[in-house]
Amino acid sequence: MQKGEFLYEGKAKKIFRTSEPGLLLVEYKDDATAFDGRKKGTIVGKGAVNNQVSAHLFQLLEQHGIPTHFVELRGDREMLVRRARVFALEVVVRNIAAGSLSKRLGLAEGLVLPAPVVETYYKNDALHDPLINDDHIRVLNLATPDEVQAMRTMALRVNEILVAYLSNRKIRLVDFKLEFGISQDEGRLLLVDEVSPDTCRLWDQDTGEKLDKDRFRRDLGGVEEAYAEILRRLIG
Ligand code: TMP
Ligand code: ASP
């Protein structure tokens, strides 16, 4: 398997073709952005942590029957993934009020929600990734109603699996963002992108200490240490 032509650079990852048309190589970067790219920085070692944490959690999810794009790790900061047609949607699942939910609904950060809340956002930089509902998704032709339902069901199942797994490691899963695609070869729904401290809110179960990208977003310090701690609790 040869690393091929550079295809695309996002805020946190670079994507390359490979000698296999159905596979892509993802390189995780140390670059960090927040607030729609208005805040920029570097989190030393983040690329390697997010690559390994994502690989670990994709494998865990696969073991529980969730299809993901993950194929295998390629060194410290690279992974091989299946090619997919990615929906222009972000699916957020929340167990505890925080971030934009707290702001939008006036809920105290830390309030345990009576049941998980699922939200969809339109991935569109020019529009600043707005929150959208099922009717908006239909108008914009972003996914069929069946696909939206399947993403919602899969996101809630991912939540159950991750909550149980992380709580055994003394981590509360506050909320997280998922992306989905349709695999090029089999046309089935796949979990894509990453599952990492960049895309999840993770609080220490005992102290409530934030062990995720909010340390960078909110200038809390100890950013690298938090990422390293998540890697340690998950992989040892
Ligand atoms: P929010 O409270 O800012 O809407 O974030 C909800 C979750 O989604 C949180 O775990 C962080 C994650 N997230 C991303 O992964 N990418 C993003 O661009 C945003 C805004 C949030
Ligand atoms: N990564 C996103 C951005 O740069 C937002 C975030 O994660 O807070 O806009």
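Thresholds, definitions, all that
- Residues numbered from 1 in each chain as written.
- Chains lettered and ligands numbered in written order.
- Predicted model: local features only at pLDDT ≥ 70, side-chain atom pairs only at ≥ 80, totals over all residues.
- Heavy atoms only, no water.
- Near = heavy atom within 4 Å.
- Areas by Shrake-Rupley, 256 points an atom, 1.4 Å probe, with all protein chains shown as cover.
- Helix = DSSP H or I, 4+ residues; strand = E, 2+ residues; numbered from the N terminus.
- Nonpolar A, V, L, I, M, F, W, Y, C, P; charged D, E, K, R; others polar.
- Axes fitted to C-alpha atoms, helices over the stretch in contact; angles between N-to-C directions.
- Parallel < 35°, antiparallel > 145°, perpendicular 65-115°, else oblique.
- Left-handed = near helix turned anticlockwise from the far one by under 90°.
- Contact = heavy atoms within 4.5 Å.
- Pairing = 2+ DSSP bridges.
- Polar contact = N/O pair within 3.5 Å; in protein donor to acceptor, adjacent residues only side chain to side chain.

Novice: Mind showing me how you'd approach the site of ligand 1 here?
Specialist: Neighbouring ligand 1 are 14 residues, the closest being R94, S100, D175, K177 and R201. Coverage of ligand 1 by the protein amounts to 75% of the 450 Å² it exposes when considered alone. Breaking the shell around ligand 1 down by element, the ones donating at least two residues are β9 (89-96), α2 (99-105), β12 (171-183) and β14 (200-204). If you tally residues by element for the shell around ligand 1, the top one is β12, at three residues. Here the residues of the shell around ligand 1 sort into five nonpolar, three polar and six charged.

Novice: Any chance you could explain the packing of helix α1 (residues 46-63) against helix α6 (residues 223-235) here in plain terms?
Specialist: A pair of packed helices is characterised by two quantities: the angle between their axes and the separation of those axes. At a minimum axis distance of 10 Å, the contact between α1 and α6 shows a crossing angle of 30 degrees. Taken together, the axes of α1 and α6 are roughly parallel relative to one another. Of the two elements, α1 crosses α6, and the hand of that crossing is left-handed. Between α1, through K46, V49, N50, Q52, V53, H56 and L57, and α6, the contact on the second element is made entirely by Y227, I230, L231, L234 and I235.

Novice: What exactly am I supposed to notice about unusual backbone geometry here?
Specialist: For residues besides glycine, phi is generally negative; the peptide bonds are generally trans as well. With a phi angle near 50 degrees, F35 is a residue other than glycine that sits in the positive phi range. Counting through the fold element by element, F35 comes out in the loop between β4 (31-34) and β5 (39-42). Its identity is not glycine, yet K170 carries a phi of approximately 60 degrees, on the positive side.

Novice: Quick question: what am I supposed to make of the pairing of β5 here?
Specialist: The side chains of a regular strand alternate, first on one face of the sheet and then on the other. Here four bridges tie β4 to β5, and the two strands are oriented antiparallel to one another. Note on β5: the bridge partner recorded for A34 is K39. The antiparallel pairing of β4 with β5 creates a hairpin that spans four residues between the two strands, and F35 there sits at a positive phi of about 50 degrees.

Novice: Honestly, the site of ligand 2 in this entry has me stumped. Any pointers?
Specialist: With respect to spatial proximity, the complete set of residues near ligand 2 consists of K11, T33, A34, F35, D36, G37, K213 and R217. Take T33: an N or O atom from its side chain is 2.3 Å from an oxygen atom of ligand 2. Within the side chain of K213, one N or O atom sits 2.8 Å away from an oxygen atom of ligand 2. Here ligand 2 loses 72% of its free accessible area of 270 Å² to cover by the protein chains. Along the lines of polarity and charge, the residues of the shell around ligand 2 split into two nonpolar, two polar and four charged.

Novice: Any chance you could explain the sheet that holds strand β7 (residues 78-82) here in plain terms?
Specialist: Hydrogen bonds along the backbone pair up the strands of a sheet, which may run parallel or antiparallel. Judged by pairing direction, the sheet is antiparallel, and its five strands sit side by side in the order β1-β2-β3-β7-β6 without closing on themselves. Of all strands in the sheet, those bounded by a partner on one side alone are β1 (3-9) and β6 (70-73). Put simply, the sheet's adjacent strands are angled 30 degrees from each other on average, direction ignored. Relative to strand β2 (residues 13-18), β1 is paired through four bridges, and the arrangement is antiparallel. Looking at β2, one finds that K3 is bridged to T18.

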